[in-house]
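# Structure assessment
Spelled out from the first residue to the last, the chains are:
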Amino acid sequence: MEVPKTEEVTDVESGTEKQEYDYTKADRFTSEIFKIVVSNLPKHFGYGECKKLLTKKLKLKPHKISVVHHTCRGFITFKSEKDKLEAIDKLNGYVLKGKTLEVKNAPPKADAMSQRRPPSEAPEKKKRKLNDSNLDNKDGLTPEELMKHNVIPWHKMPYKEQLLNKEQAVRSTLSMIRRQMGSIKNLDLEVFRWIMQWKNTTGLCCPMRPILPSPVEDKYRNKCSFTVGKDAAGNIMTGFRLGKYRDQDCAVGSPVCLRHISDKMKQITASFNEYVLQSKHKVHDLFDHTGYWKQIVVREAVDQSVMVIVRMCQQDLSDEDLKTEQTAIAKHFAASGIDVDTLLFQTIGNHNKGFDADAGPVAIVTGKGVIYEKLFDLKFQISSTAFFQCNTLAAEVLYKSAQDMVLKSIINATEYSEDETDYKETILLDICCGTGTIGLTLARYVKRVIGIEMSDVAVEDAKINAKLNSIDNAEFHCGKAEDILPNIVQPYLKSQTHNIVAVVDPPRCGLHQKVIRTIRQCLSIKKLVFISCSLEQAKNNFLDLCRPQSKRLVGLAFKPLLAQPLDLFPHTKHTEVVVLFERIQPLSKNTLTTANTQPSKAVSEEQLTKPVSPVKKEGTESDLENVYKRSSTEDNTTFSEQKDVEMDTILTEARLNDMPKTEIVPVDANLENEPNTTLCMSTNSVSAVNIQSQKSVQTANAEEPTEEVTTDEMHKQDDLS
């Protein structure tokens, strides 16, 4: 077939080719020159379906895929002209869900940094509201003020006020999730009654404890990635970027003014900046992709042991040149009097694609290539690329909360004792386990820990950490959770005797849909502890866990039992939230005619409002108060005396009031005379709803909830109206 050439993008006024597209004629590779646009896509056709169609069904080789839903179009790039022509031949005229696809060549994407306009000619930026009542926009701010507002926007706000704002934000999100749950079609009766009970009391989808503060407010970051570039005046600077690439602002500012970074990190950054100043190699330029020095990563443990990773674009440098630079950097740090326990070196690509996409192997220059961190009474090895919570002392508070949730899931008592045997038959499934921190801290309470992590380096660290702490009931698997989780839980899919408690600590974007489906399908998973660093982005996971059974979601739904917000990031708006989910019980024959909204026997009302207190073992510091006590003794400047009493009150009273009691309201006499009505009761309301027939209710099968769920939808619509 005849393929039209890609349209030439020219300046309308001058007729010359725009500078935004000069990169397409450079020597470096870009897939934008092999780009097509596919029109007339089905309305609900996403990235996953598009990728499956191209790679598996049509056997094409796409490089990048972007689906624009509101326009029913998709943009696809390829690595060669041959691959692009093959795609045009197969896609043009292809019928997909009743839609005939149309394919055309697409112009490349413009480079935002191609034209560096002077400030007078730059387009007017939209005013962004800052978290400072005295400032309406960022115009006129000094680089130091701009740095603070970009990195720690709440640096001027009192910490007690920060906690109140974060707690209110979590409440608003949980309230929004409750409203979205209520609008789900055919919502299971138990889930609906549960959220309606809490709608009438707190307005949330579940009870929520008060937010737990961070034991330290300042100098809490144990890892920072610093960019090597130039400041607004054109001077070489190592620190954080002040603007965004899309806004044509790539200036770098010094981190000296930031209160959440330790003094040692600032010293290392300043020392490396001195080395770059006297180096014959230039810093990397994001505009023309030239230069060498790009980034430095610093990890610092509680005992002040330090790991430094220098990342550099190799460009035309030979391997011998790189080794020379590595030796010179090590000598520079030694001469500066800065103690670096291990120095690592890594080459990365020129383009801003993320360092894992085109990064080379990590070379150990000095030290062992790892550092060690302590959590409670356990020791953990951390490699260069392994994930570890950025606030170590607050991570102990987080894992103590997760431990409390897990203990609620495996025992039926409010106080834990060594005589309890229920936990001995429990399997802890640690999804997105990282270096094994959560699973290993809970290994003593369960029969076995099974960890899943996609980073092979982190998995190796987790295995080593198990040996370091003499833990022999833990195993770790490498791979994407959505790929290997089905095989791991396969022996337990149809079993109701095994007790599996799943703990998930996914990235900010949440869990993959396949993982949610697998968790729903495994009936042995009775409880799920979900650790979210962005409740807003994880809400779709929460909704999918609570949706009724369908062809896509097989298995009984879950309901949210308890939420615990925590502050791991002082002076920022980010909040960590731990949510406990419980799988609902199969519907019984009298489900539609009873108003049992009490929690299941596994978690009583008292357990929901009172944290579980495991017995202390000699040499451990697992209690929450010990974490705060230890932090205050290590750095007396981080926990001010003015709020000691108030913070202690938050910690000791971190529980809700007694749960509301469900009252059985007498049925109206008029309703009793109606044969085709039944009663739906929540905490403070009674609704009568017409159903198909009383006979269908009496003969409903408890194992087939289809009719009952449909009836509940009628209950829900009437109650919400």
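The structure this text deals with has already been given above.
So, here's what we can say about the structure. (Residues numbered from 1 in each chain as written. Predicted model: local features only at pLDDT ≥ 70, side-chain atom pairs only at ≥ 80, totals over all residues. Heavy atoms only, no water.)

## Regarding the environment of Met237
Tracing the backbone through its elements, the reader meets Met237 in strand β8 (residues 236-241). For the pair Met237 and Ser254, spaced 17 residues apart in sequence, the C-alpha separation works out to 6.7 Å. Setting aside residues no more than four positions away along its own chain, Met237 makes contact with Thr227, Val228, Gly229, Lys230, Asp231, Val252, Gly253, Ser254 and Asn273. (Helix = DSSP H or I, 4+ residues; strand = E, 2+ residues; numbered from the N terminus. Contact = heavy atoms within 4.5 Å.)

## Overview of the pattern of salt bridges
A complete count under the given rule lists 18 salt bridges for this structure. One salt bridge connects Glu190 with Lys559, and the closest N-O pair in it is separated by 3.0 Å. With a gap of 369 residues between them, Glu190 in helix α5 (residues 189-199) and Lys559 in strand β21 (residues 558-566) connect regions that are remote in the sequence. Note that Lys539 and Glu536 form a salt bridge whose closest N and O atoms lie 3.4 Å from each other. One end of the pair, Lys539, and the other, Glu536, are both in helix α13 (residues 535-546), three residues apart, so they sit about a helical turn from each other. Residue Lys539 is classed as buried on the basis of its relative accessible area, which comes to 15%. The partly exposed category is assigned to Glu536, whose relative accessible area is 40%. (Salt bridge = Lys/Arg side-chain N within 4 Å of Asp/Glu carboxyl O. Buried < 20%, exposed > 50% of the residue type's maximum accessible area, 1.4 Å probe, protein only.)

## Observations concerning the sheet that holds strand β2 (residues 62-68)
One open sheet accounts for four strands, arranged β2-β3-β1-β6; its pairing is antiparallel. Single-partner strands in this sheet number two, and they are β2 and β6 (102-105). Direction aside, the axes of adjacent strands within the sheet are offset by 20° on average. This element, helix α1 (residues 47-57), spans β2 and β3 (73-78) of the sheet and lies at about 140° to β2. Along the sheet, helix α2 (residues 81-91) makes contact with β1 (35-39), β3 and β6, crossing β1 at roughly 15°. (Pairing = 2+ DSSP bridges. Axes fitted to C-alpha atoms, helices over the stretch in contact; angles between N-to-C directions.)

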